[in-house]
Amino acid sequence: LENIRYIKESSGDLTRVQTIRELTDDVMTVFASIYYEGFLLGSKGWVSPQGNYLPRQSADFFNFMFEGRMEEAHRLAKIFQAIDSIQAEDHPMYGHQDYGKVLCRMVGQPIGEVRAPHMPIRKLGKEGKDKLARLQKQLEDAGALITEKAA
């Protein structure tokens, strides 16, 4: 289709970034869900949930990648990946959806509560508290933590 020039590649399959570029003779601009490696393979950006709660760091990551400042970009990518991993591990169905809202609250940007069928982290009990502490550590590492009250 002549009028389509951008695609979000979110399958998690790194080879698809390069495949899309090759199949479209580099006409298609790829935004990859796997940010660090995706950029290395030619994506021009990513649809970033981290941009909601780490906006400055997300912009810095983007700039570092394009400026070739790989060590600094990799440091931020490790924080983003750690947050992603914490959210994904052992969560009940839909439980991970509240993390974005909690992370926003933790950096001083309250955006409300989740609605059913999503589950607030506070309903995860000890697991939720443990994950919040680990998320807080990642925000501290990113230099973004503003408030400790999240759940």
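Being a predicted model, the structure only gives us computed values, none of them experimental. (Residues numbered from 1 in each chain as written. Predicted model: local features only at pLDDT ≥ 70, side-chain atom pairs only at ≥ 80, totals over all residues. Heavy atoms only, no water.)

Turning next to helix 5 (residues 70-88). For helix 5, with 19 residues, the first-to-last C-alpha span of 26 Å sits near the 27 Å given by 1.5 Å per residue. The set of residues buried in helix 5 consists of Ala 73, Leu 76, Ala 77, Ile 79, Phe 80, Ile 83, Ile 86 and Gln 87. (Helix = DSSP H or I, 4+ residues; strand = E, 2+ residues; numbered from the N terminus. Expected span 1.5 Å × (residues − 1). Buried < 20%, exposed > 50% of the residue type's maximum accessible area, 1.4 Å probe, protein only.)

Moving on, we come to the pairing of strand 2 (residues 29-32). Residues Val 30 and Ala 32 of strand 2 are buried on one face, while the alternating residues Thr 29 and Phe 31, pointing to the opposite face, are not. Relative to strand 2, strand 1 (residues 6-9) runs parallel, the two being bridged by 4 bridges. Within the sheet, the bridge partner assigned to Ile 7 lies in strand 2 and is Val 30. The handedness of the strand 1 to strand 2 crossover, carried by helix 1 (residues 15-23), is right-handed. (Pairing = 2+ DSSP bridges. Right-handed = clockwise from strand over helix to strand, strands pointing away.)

Here the chain averages 84 in pLDDT, while 90% of its residues score no lower than 70. Residue range residues 147-151 is modelled with pLDDT below 50. Its contacts to residues more than four positions away, or to other chains, number 12 contacts. (pLDDT = per-residue confidence, 0-100. Contact = heavy atoms within 4.5 Å.)

Further remarks concern the packing of aromatic side chains. All chains considered together, the criterion is met by 12 aromatic pairs. Geometrically, the ring pair formed by Phe 39 and Phe 66 is edge-to-face, given 5.4 Å between the ring centres and 85 degrees between the ring planes. Within this pair, whereas Phe 39 is found in helix 2 (residues 35-40), its partner Phe 66 is found in helix 4 (residues 55-67), the two being separated by 27 residues in sequence. Take Phe 39: its relative accessible area is 10%, and that puts it in the buried class. With centroids separated by 5.8 Å and ring planes inclined at 70 degrees, the aromatic side chains of Phe 61 and Phe 80 adopt a geometry described as edge-to-face. Linking Phe 61 in helix 4 with Phe 80 in helix 5, this pair joins segments that are 19 residues apart in sequence. This pair shows no difference in class: Phe 61 is buried, exactly as Phe 80 is. Here the aromatic cluster, defined as three or more aromatic residues joined through ring pairs, consists of Tyr 35, Phe 39, Trp 46, Phe 61, Phe 62, Phe 66 and Phe 80. (Phe/Tyr/Trp six-rings, centres within 6.5 Å; stacked < 30°, edge-to-face > 60°.)

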